[in-house]
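The residues making up each chain are set out below.
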Amino acid sequence: MFVFSRTGWVFDVAWYSQETSDDIVNQTISRASGFSSTEVNIGKITNKGYEVALSGTPIQGALNWDVSVNFAYNDNEIVSLLPGLDELGW
């Protein structure tokens, strides 16, 4: 985080990268089994992204005007699936 004290502006940048394994989700199965879904371990998922924020008070006095701008980018990827599983059915 960067703070510009003379102008009252704050600039913040965050970056993240997460790999999740052993994630349990509901998977659709044949209704002939008597059930519509089952819980399965889907494999590995990666989640990467960043966030940029800028906030400040450009007008101060009898009237204060606070401004905040935020931009975020997120990229999810299924790295591997349960053996024998070709797709996820949600």
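A short note on the overall build of the chain
For the chain, the helix and strand inventory stands at zero helices and six strands. Starting at the N terminus and walking to the C terminus, you meet the elements of the chain as β-β-β-β-β-β. With 90 residues in all, the chain has 13% of them scored as buried. When contacts within the chain are restricted to residue pairs at least 6 apart in sequence, those whose partners lie at least 24 apart make up 53%.

A short note on the packing of aromatic side chains
Enumeration according to the criterion identifies two aromatic pairs in this entry. Pairing Tyr-50 with Phe-71 gives two aromatic rings, centres 6.1 Å apart and planes at 45 degrees, and the pair type is tilted. In this pair, Tyr-50 sits in strand S5 (residues 43-59) while Phe-71 sits in strand S6 (residues 65-81), placing the two residues 21 residues apart along the sequence. Tyr-50 sits in the partly exposed class, given a relative accessible area of 35%. On the basis of an interplanar angle of 35 degrees and a centroid distance of 5.7 Å, the ring pair of Tyr-50 and Tyr-73 is categorised as tilted. In this pair, Tyr-50 sits in strand S5 while Tyr-73 sits in strand S6, placing the two residues 23 residues apart along the sequence. An aromatic cluster of at least three residues, connected via ring pairs, comprises Tyr-50, Phe-71 and Tyr-73.

Overview of the pattern of salt bridges
Within this structure, the stated rule accounts for one salt bridge. Among the salt bridges present, the one from Lys-44 reaches Glu-19, with a minimum N-O distance of 3.9 Å. Highlighted residues: Lys-44 in strand S5 and Glu-19 in strand S2 (residues 9-21), separated in sequence by 25 residues. A relative accessible area of 34% places Lys-44 in the partly exposed class.

Quick look at the pairing of strand S3 (residues 24-28)
By the alternation rule, side chains of S3 split into Val-25 and Gln-27, which are all buried, and Ile-24, Asn-26 and Thr-28, of which none is buried. Bridge count between S3 and strand S4 (residues 37-41): five bridges; the pairing is antiparallel. Counterpart to Asn-26 in the pairing with S4 is Glu-39.

Calculation notes
- Residues numbered from 1 in each chain as written.
- Predicted model: local features only at pLDDT ≥ 70, side-chain atom pairs only at ≥ 80, totals over all residues.
- Heavy atoms only, no water.
- Helix = DSSP H or I, 4+ residues; strand = E, 2+ residues; numbered from the N terminus.
- Buried < 20%, exposed > 50% of the residue type's maximum accessible area, 1.4 Å probe, protein only.
- Contact = heavy atoms within 4.5 Å.
- Phe/Tyr/Trp six-rings, centres within 6.5 Å; stacked < 30°, edge-to-face > 60°.
- Salt bridge = Lys/Arg side-chain N within 4 Å of Asp/Glu carboxyl O.
- Pairing = 2+ DSSP bridges.

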